[in-house]
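# Chains, contacts and geometry: an overview
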Amino acid sequence: MKHKVHLRLLSIPPVSWIVLVLFIVYGFFAPGFFSASNLWNIGVQAAPLLVLAIGSTIVILTEGIDLSCGIVLGFAGVGFALLVQHGVPVWLAMLGGVLLGGICGLINGVLVASFHLPPFIATLGMASVLTGAGLVSTAGTSIAVRDSVLDFVTNGVLLGIKMPILIALVILGAVLFLMKFTAFGRNVYALGGNPEALRLTGANISVALIMAYVVAGVLAGIAGILVASRTASGHIDSGLGWDFDAIAATIIGGTSFEQGKGGVGYTILGVILIAILRNGLNVAGVPNMYQFALMGTVVLGAIIFDIMVRRLSGTEEGR
Amino acid sequence: MEEIEIKTGETDELSLSITGESTVNQAPLLQARGISKEFPGVRALENVDFDVYPGEVHILIGENGAGKSTLGKILMGAYRHDSGEILLEGKPIKISRPIEALRYGIGGVHQEFMLVPWLNVAQNIFLNREPRRWGFVVDHQRMHEESRRLLASLDVHIDTTQPLKHFGTAIQQMVELSKVMATNPRVLILDEPTAVLTEREVECLFKRIKEMREQGVAIIFISHRLQEIREIGDRVTVLRDGKNAASGLMSEFSNDDLVRIMVGRNISQLYPRNRRPPGEEALRLKGISVRGGPKDVDLVVHKGEIVGICGLVGSGRTELATAIFGIGQIEKGEVTLFGSKATPRSPAQMVRKGVGLIPEDRKTLGLTMKFSVAWNVVVASLRLHFPYFLVSYSKVVRMAEKFVKDLRIATPSVSRQVKFLSGGNQQKVALAKWLNTESRLLIFDEPTRGIDVGAKVEIHTLMDNLVQKDIAILMISSDLREVLGMSDVVYVMYQGRINGKFSHEEATQDKVASLMLGVVRPNEA
């Protein structure tokens with residue numbers, strides 16, 4: 001009986017414990033962390049990362065990886081800002097930015113599925129191309145955007161929830177639905193688990209794989225619009241380093257690189273962990289330059305902790 | 001044995017009496033004519049003819065590498081054939097992709113599992129064929145109901161919401177079968193469906209197959225287990241080296257005939273042993289207990305001797321073998337290796353001490369499937385042959401080529417990836433790997449599981465040659481005949497303990513089997 005309770009405790013994703021500990025630690029060391037405004041703030045900051053990380057999770061489930069998602073995020077923001085600058089209505093420009101993300105995803109998908117490039121090479125190359133394109137089209141500057149719509153997307157409140165958080169949660173819900181109830185989700189899992197099995201059922205696995213990257217691209221595009229709205233500008237570097245956060249959130253959430261194991265649901269825990277870390281460091285006044293190293297260390301530590309707990313609890317095979 | 005021709009008249013009709021019970025009077029449902037298929041460096045099929053009628057079970061047998069799985073895969077659309085034609089009800093059809101075969105009602109189970117480990121049981125059964133609501137939303141409830149129904153027809157009752165990974169290979173095989181049954185195939189192709197099933201499960205499967213035969217399904221059954229094909233087969237076709245070797249009613253062939261046709265030569269001696277007096281002690285276990293495994297095991301292996309351990313799956317035999325090899329935790333007891341005390345801590349240490357392990361599962365543990373033959377041969381002995389850090393590729397190739405020649409490994413070249421070799425040849429590569437380390441004690445875990453008769457004899461001959469060279473062999477096997485035929489000393493394991501020990505002369509099938517099954521206590525045997 002005691003053993004059973006023990007097992008149930010262990011079946012809670014280990015990362016939840018870290019999140020809990022962080023809350024407590026920050027509560028002590030960063031006064032103001034628990035204020036309502038700061039908690040909302042964390043949510044708003046976490047929203048674009050959640051959207052991005054969902055895309056990352058989908059790609060990783062197919063046994064791939066998207067190293068370009070951070071740059072795609074920035075690129076979509078730049079595209080959006082440039083469209084607005086050229087007089088395109090803001091709503092349409094947002095759609096344009098998202099579409100741009102989708103196109104980047106499409107190219108990634110074609111490189112991986114049709115040209116059989118290893119995903120990390122394909123997406124790394126894509127990231128380089130997009131960085132160049134972004135720098136050229138903006139001369140490396142920030143493109144400012146001013147519009148009341150942006151304010152609504154960033155600060156608006158609907159149903160008592162701040163817009164960025166609401167958007168992220170709606171997207172999370174939609175993707176969870178896609179994963180559980182549609183061919184898309186089943187394809188994603190099967191591609192990671194045993195693509196040959198999927199092929200032999202008559203499915204077109206190239207198209208399925210391309211679709212996974214397209215969805216990831218679209219999500220990166222949406223994340224890009226969220227970020228651009230918050231900063232009221234488009235800058236190619238605005239997603240610099242976010243790829244790492246998105247991938248880390250996925251792994252911390254329990255999605256593994258092997259055999260299509262995991263899911264989008266737990267990625268939110270990884271996102272919360274990273275968002276709290278960032279926010280706590282800011283509230284505690286740790287200078288930005290130290291934050292990179294600290295974040296990297298803590299995220300790696302969290303992943304190691306996670307793997308060790310899983311191994312101990314026997315939910316993970318191997319030694 | 002003369003080849004039996006099935007005459008097909010101008011109308012493509014023929015009357016064929018099957019097993020004296022049912023009579024079939026139709027054209028073949030599926031017919032393959034002059035099928036050839038070449039893989040890089042290997043001619044897998046050459047001008048092969050094959051047909052199957054509705055309401056019959058047509059057995060396709062042959063040694064590993066004879067091309068039977070390749071033919072099955074071509075008919076299922078997993079491979080494309082280079083030449084020849086496929087006819088459905090007499091009309092030529094094109095099958096170049098799995099979806100096309102499925103549209104024609106041809107479905108099957110591949111030898112390798114085609115399952116997605118982290119999807120649940122029902123999702124696997126209905127992969128890409130999920131029942132839908134409103135055209136796109138998966139109807140999970142119906143999917144689980146249907147899955148339970150399909151599995152129940154095979155007498156399997158499990159929670160279909162669990163990830164498939166949580167189940168053993170037998171259940172996974174049943175899921176595979178349910179998956180194909182869900183498509184209601186007109187032609188059912190089963191490639192070695194019983195390899196991982198227990199006797200009771202095989203019974204359920206055969207019952208189901210017979211039902212489907214009654215319903216007029218044309219069934220192609222690929223196997224090399226002679227006993228079972230006799231129970232279920234109506235007709236048989238033997239392939240050898242990618243060509244038709246014989247074809248006819250099952251009743252026209254004796255098992256000996258079939259083996260002879262498959263192998264293409266007489267098996268003069270099934271278990272070739274030249275017994276000799278044992279040499280010095282190579283391995284002595286005294287009171288060994290392994291964590292979560294065997295208890296209080298005493299065992300001795302001499303040089304130039306084959307010691308067989310037989311026991312059921314789960315009796316602790318594999319755990320014992322891996323513990324000697326440094327995997328797993330020895331809790332108490334003493335290991336003496338070549339006269340000196342040894343505490344197995346890691347495989348690396350045991351390899352240095354001259355121990356080699358040829359594991360049960362060569363695909364994941366024994367070999368690196370994506371590596372070439374050459375690299376697999378040297379991978380365990382790089383430090384031995386290349387002590388100065390740099391590896392000479394030409395020397396690697398020379399070593400590998402020598403083994404290919406000595407062990408008669410059928411491969412077009414040493415640079416071929418081992419995943420393309422047949423099971424028997426893979427096992428030879430696994431063996432070559434340890435011979436190359438100059439191991440003096442070899443542990444074989446199920447040395448001939450899943451490989452065909454001809455290759456079995458070859459592996460056994462190689463084992464005999466090794467003991468002639470003073471190598472000590474510890475062999476684990478659940479094949480009783482193999483243990484009795486090959487071993488000089490037989491140990492029986494039951495529930496983690498050594499339950500009996502026999503010399504070659506004392507050991508009889510009855511004595512060993514009853515101890516192995518725990519029917520009698522050691523002192524009664």
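Structural data are supplied above this passage.
Residues numbered from 1 in each chain as written. Chains lettered and ligands numbered in written order. Predicted model: local features only at pLDDT ≥ 70, side-chain atom pairs only at ≥ 80, totals over all residues.

## Here's the deal with the interface of chain B and chain A
For the record, the criterion: Placing C-beta atoms from the backbone, we regard two residues as in contact once those atoms come within 7 Å. Secondary structure elements are taken from DSSP: a helix is a run of H or I of four residues or more, a strand is a run of E of two residues or more, and numbering for both begins at the N terminus. Each residue is assigned to one of three groups, with Ala, Val, Leu, Ile, Met, Phe, Trp, Tyr, Cys and Pro labelled nonpolar, Asp, Glu, Lys and Arg labelled charged, and all others, Gly among them, labelled polar.
Every contact between the two is made by 18 residues of chain B and, on the other side, 18 residues of chain A. Looking at the side of chain B that touches chain A, the elements with two or more residues in it are helix 2 (98-103) and strand 10 (137-138) of chain B. Per-element tally for the side of chain B that touches chain A: the top contributor is helix 2 of chain B, with 3 residues. Considered class by class, the residues forming the side of chain B that touches chain A number 14 nonpolar, 2 polar and 2 charged.

## Observations regarding helix 1 (residues 68-75) of chain B
All names here are of chain B. Our working rule: Note on burial: count the other C-beta atoms lying within 10 Å of the residue's C-beta; 20 or more is buried, 12 or fewer is exposed, in between is partly exposed, and C-beta positions come from the backbone.
Helix 1 sits mainly inside the fold: 8 of its 8 residues count as buried. Residues K68, S69, T70, L71, G72, K73, I74 and L75 constitute the buried set of helix 1. Just downstream of helix 1 lies G77, where phi reads positive at about 80°.

## Description of the packing of helix 2 (residues 15-29) of chain A against helix 13 (residues 267-283) of chain A
Residue and element names in this part refer to chain A. The condition that has to hold: The axes are straight lines fitted to the C-alpha atoms, using for helices just the contacting stretch, and the angles between their N-to-C directions are given from 0 to 180°. These descriptions rest on fixed angle ranges, namely under 35 degrees for roughly parallel, over 145 for roughly antiparallel, 65 to 115 for roughly perpendicular, and the rest for oblique. Should the near helix be turned anticlockwise from the far one by less than a right angle, the crossing is termed left-handed; should it be turned clockwise, right-handed.
Their axes nearest at 10 Å, the elements helix 2 and helix 13 cross at an angle of 20°. Taken together, the axes of helix 2 and helix 13 lie roughly parallel to each other. Along this stretch, helix 2 crosses helix 13, giving a crossing that reads as left-handed. In this structure, helix 2 contributes V15, S16, I18, V19, L22 and Y26 to the contact, and helix 13 contributes L269, G270, I272, L273, I276, L277 and G280. Classifying every residue of the contact of helix 2 with helix 13 gives 10 nonpolar, 3 polar and no charged.

## Observations regarding helix 12 (residues 242-252) of chain A
In an α-helix there are 3.6 residues to a turn, and that puts residues three or four apart on one side. Buried residues dominate helix 12 of chain A, accounting for 10 of its 11 residues. Considered for burial, the residues of helix 12 of chain A that qualify are W242(A), D243(A), D245(A), A246(A), I247(A), A248(A), A249(A), T250(A), I251(A) and I252(A).

## Concerning the sheet that holds strand 16 (residues 297-302) of chain B
Within a sheet, adjacent strands bond to each other through the backbone by hydrogen bonds, running parallel or antiparallel. All names here are of chain B. Threshold: Note on pairing: two strands pair once DSSP finds at least 2 bridges between them.
Strand order in the open sheet made by the 4 strands is 16-15-18-19, with antiparallel pairing throughout. Each edge of the open sheet is held by one strand with a lone partner, namely strand 16 and strand 19 (340-342). For this sheet, the mean angle separating the axes of adjacent strands, direction not counted, is 15°. Alignment of strand 15 (residues 281-290) against strand 16, held across 5 bridges, turns out to be antiparallel. The residue bridging R284 from the neighbouring strand is V300, located in strand 16. Strand contacts of helix 9 (residues 317-324): strand 15, strand 16 and strand 18 (330-337), with the helix running at about 120° to strand 15, the strand carrying the most contacts.

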